[in-house]
Each structure stands twice: as structure tokens, then as C-alpha cells.
Amino acid sequence: MIKIGVFGASGRVGKLLIDDLKATSGVSVSSVYVRNNLDFSIDPSVLVTSAMHSFLNACDIVIDFSLPEACETLLEEAIRTPKPLVIGTTGLNTHQLNLLKDASELMPILYATNMSLGVALLNKLVYQASSALKDFDIEIVEMHHKHKKDAPSGTALTLSESAAAGRGLDINKVRVSGRDGNIGERKKDEIAVMALRGGDIVGRHTVGFYNDGEFIELSHTATSRNTFSKGAIRAASWLINKEAGLYSISDCLELE
Ligand code: NAD
């Protein structure tokens, strides 16, 4: 039985994760980190704590769906108390990403801006299309619910990296995240990543390849957050016995 520590338990994904863990054989929730109190009831055998050290000691592996600042504190403590980590939090800044890389020298970490199988495959298809359709303009649109805090989504940024990699471009030099005013014509290499927010949309990503006379759009729509929580459980079961290192969702799904 793999003992899972849940970080971000009272969030939209965290709550579903706890339900999915209960319904999955071979795994159990052993500890939950809370800042104050847990706003729902949980089996009394689960350690509910705001002491990070105790939280980590009570589990075999952590699944994190929280916020960047919270993830940062988790990584800082994990460096002192190494533990396999599945990180799903998006919007990490450069310092937090570097911390994640440093921590992965001490423990196995799977970091995925999207835990779904469909998006993992979409990244492969985007790389392939970008490489094959060199003259096509690439534009990415993502849509999420009105409560989402980071923009563009981590998934859209990862897709833009796949698109840039397909052409040997540095995404940091070609990414555009807004157009307003008299900005002139589109530059050939630019890759736009635009964010729309509204209602309860779980997540929709479209990567378009546009040329004169034709275009292709590759789209993925998440219709349920269980896609992410179940994907994270699959990732945790895969990661648990791995060597220290930084792993991706493609590694876990063994996508060629
Ligand atoms: P949410 O706002 O509903 O939940 C955030 C959680 O973080 C809450 O439990 C909150 O209590 C906790 N938290 C906030 N600040 C904290 C702190 N300082 N210390 C400890 N805990 C703290 O968000 P959500 O919709 O559940 O999404 C959580 C994260 O997961 C976001 O970054 C989101 O973009 C990301 N996400 C990733 C995937 C994926 O597949 N990788 C899918 C969906 C969402």
C-alpha cells in the first residue's frame, strides 16, 4: 500500500484527489497538509497537520496541487526531508523552478503542468506539426474557469515550448502573450499564447497552425478535473521506486 501525502487538499483538484485515492486500490491517504483547518471530514487515521516535517514523515510520496508559494515551501522542506514528489502546481517562477531542479537531485520528482494522457500526446503532436509545417504561423489559445490565478496556463506554456522546440526556436525569444494597439504585422517566428477566462471551464487548449489557404487546429478539452487527479495517482504509483531525478508525464506514460 503506497501512503500518499496530499498537499493542497482543500482545493478544487485536491478534494477530488482525496476521493479518487479512496477509490483506488494499492494507495491510501496517510497525511494532509493544512494551513489552518480542513473544511471537510476525513478518516481519523489520516494525519492532518500544519507541520510540514510531520506531514512528510507520515507519507511515502506527496501529490501537490496548490499554489506556487505553497509549492516553494514544500520543496524547501523536502530538501531537508527528501520524499518522492508529484508536482501539479502551475505558475512556478524561475526561482521555484530552479528549486525544483535542485530538489530533484535528492529525490525523484515528476513535474507536469498537465497530468492528462491527452495533453501528453498533444505535446508530441504539436512538436511534430511544428517541425513539419515550417511556414505555418503558430497561435495557441487556452480557456479556463474564472477562478484560475495564473495566465497563460502552465499547459499552454508547455505546448508553446513543444511548438518552439519543433522549429529549434527559443520560446523565450518568440512568445507573445497579448496584442493591443497599433503593434504592426505578425512576425514570422512569433508564437502567441492567449488566455481566456470565464465560467467553470475545466481547461481547453487549441494549438493552431495557419498558412495561406489552409490551417490545422489541434484541440484538447478537459471535461472533468478527475482527469488530473487520476493522472497524478498514476504518476505517483509509477514514480515511487524511481531514482532521484526530474521526470515528465511523458516518461511516466512511456509515450514515444
Ligand atoms: P485551488 O485554488 O482550488 O486550490 C489551491 C490549494 O492550495 C488549496 O487547498 C489551498 O488551501 C492551498 N494553498 C494555498 N496557499 C497555500 C499555502 N501557502 N500553503 C499551503 N497550501 C496552500 O486551485 P486548484 O484549481 O485546485 O489548482 C491547484 C493548482 O494545480 C494550480 O496551480 C492549478 O493551475 C494546478 N492544476 C494543475 C493541473 C495539472 O494537471 N498539473 C490540473 C489542474 C490544476
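Just so you know, these numbers come straight off a predicted model, no measurement behind them.

Reading the values: rules and limits
Residues numbered from 1 in each chain as written. Predicted model: local features only at pLDDT ≥ 70, side-chain atom pairs only at ≥ 80, totals over all residues. Heavy atoms only, no water. Near = heavy atom within 4 Å. Polar contact = N/O pair within 3.5 Å; in protein donor to acceptor, adjacent residues only side chain to side chain. Areas by Shrake-Rupley, 256 points an atom, 1.4 Å probe, with all protein chains shown as cover. Core = buried A, V, L, I, M, F, W, Y, C linked by side-chain atoms within 4.5 Å. Buried < 20%, exposed > 50% of the residue type's maximum accessible area, 1.4 Å probe, protein only. Helix = DSSP H or I, 4+ residues; strand = E, 2+ residues; numbered from the N terminus. Domains from an automatic or database assignment. Contact = heavy atoms within 4.5 Å. Axes fitted to C-alpha atoms, helices over the stretch in contact; angles between N-to-C directions. Parallel < 35°, antiparallel > 145°, perpendicular 65-115°, else oblique. Left-handed = near helix turned anticlockwise from the far one by under 90°. Nonpolar A, V, L, I, M, F, W, Y, C, P; charged D, E, K, R; others polar. Pairing = 2+ DSSP bridges. Right-handed = clockwise from strand over helix to strand, strands pointing away. Buried area = accessible area lost by both parts, 1.4 Å probe. Salt bridge = Lys/Arg side-chain N within 4 Å of Asp/Glu carboxyl O. Lys, Arg positive; Asp, Glu negative; His and termini not counted. Phe/Tyr/Trp six-rings, centres within 6.5 Å; stacked < 30°, edge-to-face > 60°.

> So what about the site of the ligand? Which residues, and what values?
The ligand sits among 23 residues. The nearest are G11, R12, T90, M115 and K148. In the environment of the ligand, an oxygen atom lies 3.2 Å from a nitrogen or oxygen atom belonging to the side chain of S10. Here a nitrogen atom of the ligand sits 3.0 Å away from a polar atom, N or O, in the main chain of G88. Relative to its free-state accessible area of 870 Å², the ligand is covered by the protein chains to the extent of 84%.

> Give a detailed account of the nonpolar core, specifying residues and quantitative values.
Core analysis: the largest hydrophobic core is formed by 37 residues, its most contacted members being I4, V6, V32, I63, V86 and L110. When residues of this core are traced back to their parent elements, those giving at least two are β1 (2-7), α1 (12-22), β2 (27-33), β4 (61-64), α8 (226-239) and α9 (249-253). Structurally, this core is a two-domain feature, drawing no fewer than three residues from each of domain 1 (2-111 + 225-253) and domain 2 (117-222). Discounting residues that sit within four places of it in the chain, I63 has contacts with I4, G5, V6, F7, L17, V86, A232, I233 and A236. With 20 residues, the next largest nonpolar core counts M52, L56, M107 and Y111 among its residues.

> Residues and numbers for the packing of helix α5 (residues 117-132) against helix α6 (residues 154-165), please.
As a packed pair, α5 and α6 sit with axes 7 Å apart at the nearest point and diverge in direction by 30°. Between α5 and α6, the angle is such that the two are roughly parallel. Considering the relative orientation of α5 and α6, their crossing is right-handed. Here V119, L122, N123, V126, Y127 and S130 of α5 come into contact with α6, specifically with T155, T158, L159, S162, A163 and A165. Residue composition of the contact of α5 with α6, grouped by class: 7 nonpolar, 5 polar and no charged.

> Before we move on, can you summarise the pairing of β1 with the specific residues and values?
In regular strands, side chains alternate between the two faces of the sheet. In terms of burial, β1 is a largely internal element, 5 of the 6 residues being buried. Where β1 meets β2, 6 bridges bridge the pair, whose relative direction is parallel. Residue pairing in the sheet places I4 in a bridge with V29 of β2. In this view, the connection linking β1 to its parallel neighbour β2 by way of α1 has right-handed handedness.

> Pulling in residues and values, what's your account of the domain arrangement of the protein chain?
How big an interface is tends to be reported as the loss of accessible area on association of its parts. We note that the domain assignment places domain 1 (2-111 + 225-253) and domain 2 (117-222) within the protein chain. The distance between the C-alpha centroids of domain 1 and domain 2 comes to 28 Å. Taken together, the 10 residues of domain 1 in the interface contact 11 residues of domain 2. For the pairing of domain 1 and domain 2, the buried interface totals around 880 Å² over both sides, and the portion due to carbon and sulfur atoms is 61%. Per-residue buried area on domain 1 facing domain 2 is highest for R12, T90 and R225; these three make up 45% of the total on that side. At the boundary of domain 1 with domain 2, the tally comes to 0 salt bridges. Scanning the region where domain 1 abuts domain 2 turns up 1 residue pair in polar contact (both at pLDDT 80 or more). Those elements that provide at least two residues to the side of domain 1 that touches domain 2 are α8 and α9. At 3 residues, α9 tops the list of elements feeding residues into the side of domain 1 that touches domain 2. In the side of domain 1 that touches domain 2, the residues fall into 4 nonpolar, 3 polar and 3 charged.

> Residues and numbers for the side chain of R225, please.
Looking at the element boundaries, R225 is found in the loop between β11 (214-222) and α8. It turns out R225 is buried and unbridged, and the closest side chain with the opposite charge, D200, is 7.5 Å from it. Beyond its immediate chain neighbours, meaning those up to four positions away, R225 contacts R12, V13, L16, H145 and V202.

> Please set out the packing of aromatic side chains residue by residue, giving values where relevant.
If you walk through the whole model with that rule in mind, you get 5 aromatic pairs. Arranged with centres 6.0 Å apart and planes meeting at 70°, the rings of Y33 and F55 form a pair that is edge-to-face. With a gap of 22 residues between them, Y33 in strand β2 and F55 in helix α2 (residues 52-57) connect regions that are remote in the sequence. Plain terms: the ring middles of W238 and Y247 are 5.4 Å apart, the flat faces sit at 85° to each other, and that makes the pair edge-to-face. Judged by relative accessible area, Y247 falls into the buried class, the value being 19%. Connected via pairs of aromatic rings, a cluster forms that spans F7, Y33 and F55.

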